[in-house]
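# Observations on the model geometry
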Amino acid sequence: MFYHVKDLQFNARVSRPDPAFATLLLEQFGGANGELAAALRYFGQAFGAKQPFPDKYDLLMDIATEEFSHLEIVGATIQMLLKGINGDLKNAADNSEIMKLLNGKAGKEEVIHQGMTAPQFLVGSAGGPAYTNSQGVPWTAAYINGDCQGDLSADLRSDIAAETRAKMTYEYLLQFTDDPYVKETLRFLMTREVAHYQMFEAALSTIQPNFPPGVLQADPRFSNVYFNMSSGNDFSGPWNEGKSTQLGRNFNILKILLNTSCKPTGSLNMR
């Protein structure tokens with residue numbers, strides 16, 4: 001059961017309308033790394049976790065619900081950034097606060113130009129957010145279906161990556177606004193991605209063993225082999241020398257040499 005509290009989780013504000021930035025912010029409303037995708041990703045994963053991991057079910061449901069709250073914040077911010085843009089384009093252009101900032105009717109073409117960056121604001125959603133990304137591509141469950149695999153260790157690793165991508169998207173968005181209130185909201189949302197990253201990482205650590213994901217074990221003949229498939233400078237590091245991070249076995253490097261006909265010659269360099 002969901003219960004809606006009519007206050008936003010964070011006091012989102014804007015200092016002035018900005019339809020151009022509202023278009024960019026759609027990325028976090030209906031984009032692949034946005035809040036809707038996050039909420040539905042964790043919501044779907046929770047059902048697979050309920051029986052084997054009831055504690056993780058609780059975690060996933062709590063974070064999914066918070067992500068719906070973040071979707072509300074993003075949507076409210078977009079709506080505030082679009083104040084004055086509605087289904088009546090002429091009235092919006094002639095009478096809105098945006099026009100006052102843009103020197104009255106002389107700025108009409110500029111408003112149309114900015115608004116048409118996301119035409120759904122004008123002719124589809126009447127000045128509210130739409131379930132698209134910043135390029136107008138509709139939201140799709142294809143963004144998240146692969147994240148609900150039924151193996152919680154795999155799902156949590158996907159969640160850690162998803163929080164990373166969302167955090168980076170907010171970082172990029174912060175570069176395109178100078179509105180102090182909008183920046184404050186974006187920093188809050190970005191920080192919550194960091195918090196969720198840590199929660200998912202901690203939850204993964206309580207599932208032991210959690211590597212490799214799934215039930216079947218890897219073939220030991222190939223599970224610690226590094227294929228060197230390039231020529232030129234060869235680099236080494238903990239990814240191809242010493243003991244592997246999870247299985248604790250020494251890496252072997254297999255050097256692949258090609259002749260002019262691009263057929264393997266079978267040269268082998270093991271260490």
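Cut-offs and rules
Residues numbered from 1 in each chain as written. Predicted model: local features only at pLDDT ≥ 70, side-chain atom pairs only at ≥ 80, totals over all residues. Heavy atoms only, no water. Helix = DSSP H or I, 4+ residues; strand = E, 2+ residues; numbered from the N terminus. Expected span 1.5 Å × (residues − 1). Buried < 20%, exposed > 50% of the residue type's maximum accessible area, 1.4 Å probe, protein only. Contact = heavy atoms within 4.5 Å. Core = buried A, V, L, I, M, F, W, Y, C linked by side-chain atoms within 4.5 Å. Axes fitted to C-alpha atoms, helices over the stretch in contact; angles between N-to-C directions. Parallel < 35°, antiparallel > 145°, perpendicular 65-115°, else oblique. Left-handed = near helix turned anticlockwise from the far one by under 90°. Nonpolar A, V, L, I, M, F, W, Y, C, P; charged D, E, K, R; others polar.

Between the first and last C-alpha of helix H3 (residues 35-49) there are 21 Å, a value that for 15 residues agrees with the 21 Å anticipated at 1.5 Å per step. Within the sequence span of H3, burial applies to Glu35, Leu36, Ala37, Ala38, Ala39, Arg41, Tyr42, Gln45, Ala46 and Ala49. The elements touched by buried residues of H3 are helix H2 (27-30), helix H4 (54-81), helix H9 (152-174) and helix H10 (180-205).

The next subject is the nonpolar core. Membership of the largest hydrophobic core comes to 26 residues, with the highest contact counts inside it found for Phe21, Leu25, Val74, Ile78, Leu81, Tyr170 and Leu186. Counting residues per element, the ones that place at least two in this core are helix H1 (19-25), H3, H4, H9 and H10. Beyond its immediate stretch of four places on either side in the chain, Phe21 contacts Leu81, Leu173, Phe176, Thr177, Val182 and Leu186. Formed by 18 residues, the second largest nonpolar core is a distinct cluster that contains Ala49, Leu60, Met61 and Ile63.

Attention now goes to the packing of H4 against H10. Here H4 crosses H10 at 165°, and the two axes come no closer than 12 Å. Judged by the angle between their axes, H4 and H10 are roughly antiparallel. By crossing handedness, the relation of H4 to H10 is classed as left-handed. Seen from H4, the contacting residues are Lys56, Leu59, Leu60, Ile63, Glu66, Glu67, His70, Ile73, Val74, Thr77 and Leu81; seen from H10, they are Val182, Thr185, Phe188, Leu189, Arg192, Glu193, His196, Met199, Phe200 and Ala203. In terms of residue class, the contact of H4 with H10 is made up of 12 nonpolar, 4 polar and 5 charged.

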